[in-house]
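Coordinate analysis (summary)
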Amino acid sequence: MRKKLWLMMILLGVVLNATFNLWAESGAESPDRSVGAKEPTLWDEYYAKKSVLEQGEKETRTFNATDRLTLARWCLQANHQTFTAYAIKELLKITEKYKPSSPDDAVLQQTESLLKQLGYVKSPSSVDKHNSQWLTPEKFFEVKEKEVKKLLEQLKSKKEETQTAARNELKIIESVYKIRACVKALDDSNVILREYAVNELKKSGKKNIVPYLIKTGLADKEEKIRTGAISAIKMLDPKGEISTEWYGYYMQSDRSDGGQIRVRAARGLAETGNPSAVDYLIQTMYQVHLTIRASATRLNPPAPNLRTLSPNLGSVGRPAFEVPDMDYWSIKTSIVAPAGIGDGYTLDDQLNVLGRSLNQVTNQNFGSDYGQWVNWYNTNKQINNKAETK
């Protein structure tokens, strides 16, 4: 039985061998080259190159910067997000493991050049300034902002030498890294820090910080800081493209400050010379008039002979202006603005400032006569509307 089994196995082997020889002689491809075989992928190539690199480092026990740079370049040429990340990883390893005075100096230079092309920034180490670290632009920005915040805190020191050292360090830091920290410093309780922040923001040349400076220019307790902020606004936004709207906002807001912010905002609007300031100034006159009317109603019977005008304020659209006669209007001089901090302004004072501001913008001189200003505004608005229609 065993002999039969062995004979059958031998016979099967002979048959299979003969079949294979016939197939080979026919010129057919080997199985590993058949159409269904899987082509090498980028991943296959990557791991093949990486294994060669790791094997070489394992055998020589040395860091092969050249081979790693070659792998990084291959990853970049693959033009794939994942492989780009691997390339950055390899390039950063070269900068970390490379030592000064190494024979691989040319490799390091090429590596740093590639990192710069990828947007990375070289930053001195906070521990050892002779060493450097490569950071993404976002991370570098974050590091620089933290450095600025730390130096700004040192400006609050009572020691003059600490303040001087901090100022010297801040001088060599680019303005772009100081903006957010300085904007936040505008609300700090320290006068020195607020004054420094205003000066730095003025140097930045950025228009988008004007709203923050307007708040400081109108509401800061220190006159020198308010003056500095207004000066910065004039330089950053000379035509009032941004400041007009914000001055108008603060001027029309109800505040228990004795009218100080309203008066400062009206003066700021006048200095912009922007024609759109007229809308805000006349509307604020209307608000002051309403305050006078409400107070007068409590003191005396309602004044007779009120007449109503309805100017077209466009985007500033508000309710109709009510123009009182002279008997009623004279009551305004006896009404005082709500009590607030510092020296307040009577409602009459506020109207006078608004009138002077309107005069500065329009070259018309109606003083604080609200009725004449509204009539002039309506007339000119109609003329302008007809001109635009034509």
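Residues numbered from 1 in each chain as written. Predicted model: local features only at pLDDT ≥ 70, side-chain atom pairs only at ≥ 80, totals over all residues. Heavy atoms only, no water.

**Side note on the overall build of the protein**
Scanning the protein from N- to C-terminus turns up 17 helices and four strands. Counting every position in the protein, which comprises 390 residues, the buried fraction comes to 39%. Counting only carbon and sulfur atoms, one obtains 53% of the accessible surface of the protein, whose full area is about 24,300 Å². (Helix = DSSP H or I, 4+ residues; strand = E, 2+ residues; numbered from the N terminus. Buried < 20%, exposed > 50% of the residue type's maximum accessible area, 1.4 Å probe, protein only. Areas by Shrake-Rupley, 256 points an atom, 1.4 Å probe, with all protein chains shown as cover.)

**Digging into the nonpolar core**
Of all hydrophobic cores here, the largest spans 60 residues; its most connected members are Leu-152, Leu-201, Leu-213, Tyr-247, Met-251 and Leu-281. Considering every element that reaches this core, the biggest residue donor is helix α14 (residues 277–299), with nine residues. Discounting chain neighbours no more than four positions away, the residues touching Tyr-247 are Ile-214, Leu-218, Ile-230, Ile-233, Ala-265, Gly-268, Leu-269 and Thr-272. Among the nonpolar cores identified, the runner-up in size contains 20 residues, and Tyr-46, Leu-71, Val-107 and Trp-134 belong to it. (Core = buried A, V, L, I, M, F, W, Y, C linked by side-chain atoms within 4.5 Å. Contact = heavy atoms within 4.5 Å.)

**Topic: the packing of aromatic side chains**
Under the counting rule described, the total for this entry stands at nine aromatic pairs. Ring geometry for Trp-373 versus Trp-376: centroids 5.9 Å apart, planes at 90°, classification edge-to-face. Of the two residues, Trp-373 and Trp-376 both sit in helix α17 (residues 370–389), three residues apart, roughly one turn of that helix. Look at Trp-373 and you get buried, because its relative accessible area is 0%. (Phe/Tyr/Trp six-rings, centres within 6.5 Å; stacked < 30°, edge-to-face > 60°.)

**Digging into unusual backbone geometry**
The phi angle at Asn-363 is positive, at roughly 65°, despite the residue not being glycine. Position of Asn-363 among the secondary structure elements: in the loop between α16 (347–362) and α17. The exposure class of Asn-363 is exposed, given its relative accessible area of 67%.

**Focus: the pattern of salt bridges**
Working definition: two side chains of opposite charge can pair if their charged atoms are close together. According to the stated counting rule, one finds 15 salt bridges in the structure shown. Between Lys-224 and Glu-195 there is a salt bridge; the shortest N-O distance is 3.6 Å. One end of the pair, Lys-224, is in helix α11 (residues 223–236); the other, Glu-195, is in helix α9 (residues 191–204), with 29 residues separating them in the sequence. Overall, Glu-195 belongs to the partly exposed group, its relative accessible area being 33%. Put simply, Glu-241 and Lys-207 hold a salt bridge, and the shortest N to O gap is 2.6 Å. In this pair, Glu-241 sits in the loop between α11 and α12 (243–252) while Lys-207 sits in the loop between α9 and α10 (210–219), placing the two residues 34 residues apart along the sequence. By sharing partners, the salt bridges in this structure join Lys-139, Glu-142 and Lys-146 into a single network. (Salt bridge = Lys/Arg side-chain N within 4 Å of Asp/Glu carboxyl O.)

**Notes on the environment of His-289**
With respect to the helices, strands and loops of the structure, His-289 is situated in helix α14. Assessed through its relative accessible area of 1%, His-289 is described here as buried. On a C-alpha basis, the gap between His-289 and Tyr-370 in space is 8.2 Å, while along the polypeptide they are 81 residues apart.

**Here we look at the environment of Glu-45**
In this structure, Glu-45 sits in helix α2 (residues 42–60). Taking the relative accessible area as the measure of exposure, Glu-45 reaches 35% and is therefore partly exposed. Sequence spacing of Glu-45 and Trp-74 is 29 residues, and the spatial spacing of their C-alpha atoms is 9.6 Å.

**Structural notes on helix α4 (residues 81–97)**
The first and last C-alpha atoms of α4 sit 25 Å apart over 17 residues, in line with the 24 Å expected at 1.5 Å per residue. Among the residues making up α4, those that are buried are Phe-83, Ala-87, Ile-88, Glu-90, Leu-91, Leu-92, Ile-94 and Thr-95. (Expected span 1.5 Å × (residues − 1).)

**Topic: the side chain of Thr-362**
Structurally, Thr-362 is set in helix α16. Judged by its relative accessible area of 14%, Thr-362 falls in the buried class. Within the local environment of Thr-362, its side chain forms a polar contact with the backbone oxygen of Leu-358, the two atoms lying 2.7 Å apart. Leave out the neighbours within four places in its chain, and Thr-362 touches Val-278, Trp-373 and Trp-376. (Polar contact = N/O pair within 3.5 Å; in protein donor to acceptor, adjacent residues only side chain to side chain.)

**Thoughts on the packing of α10 against α11**
Where α10 contacts α11, the axes come no closer than 7 Å and their chain directions differ by 150°. Judged by the angle between their axes, α10 and α11 are roughly antiparallel. Along this stretch, α10 crosses α11, giving a crossing that reads as left-handed. The segment α10 lies against α11, with Val-210, Leu-213, Ile-214, Thr-216, Gly-217 and Leu-218 engaging Ile-225, Arg-226, Ala-229, Ile-230, Ala-232, Ile-233 and Leu-236. Of the residues in the contact of α10 with α11, the class split is ten nonpolar, two polar and one charged. (Axes fitted to C-alpha atoms, helices over the stretch in contact; angles between N-to-C directions. Parallel < 35°, antiparallel > 145°, perpendicular 65-115°, else oblique. Left-handed = near helix turned anticlockwise from the far one by under 90°. Nonpolar A, V, L, I, M, F, W, Y, C, P; charged D, E, K, R; others polar.)

**Here's the deal with α10**
Because each turn of an α-helix spans 3.6 residues, side chains separated by three or four positions in sequence point in the same direction. The buried count for α10 comes to seven of ten residues, which makes it a mostly enclosed element. Within α10 the residues assigned to the buried category are Val-210, Pro-211, Leu-213, Ile-214, Thr-216, Gly-217 and Leu-218. Check the buried side of α10 and you find it contacts α9, α11, α12 and α13 (260–272).

**Notes on the environment of Val-361**
Locating Val-361 in the fold gives a position in helix α16. Of the residues examined, Val-361 reaches a relative accessible area of 18% and is grouped as buried. With residues up to four places along the chain from it excluded, the contact list for Val-361 reads Leu-269, Ala-270, Asn-274, Pro-275, Val-278 and Leu-281.

**A few points about the confidence of the model for the protein**
Per-residue confidence for the protein gives a mean pLDDT of 75, with 68% of residues at or over 70. Here residues 22–37 scores under 50 on pLDDT; set against residues more than four positions off or in separate chains, the count is six contacts. (pLDDT = per-residue confidence, 0-100.)

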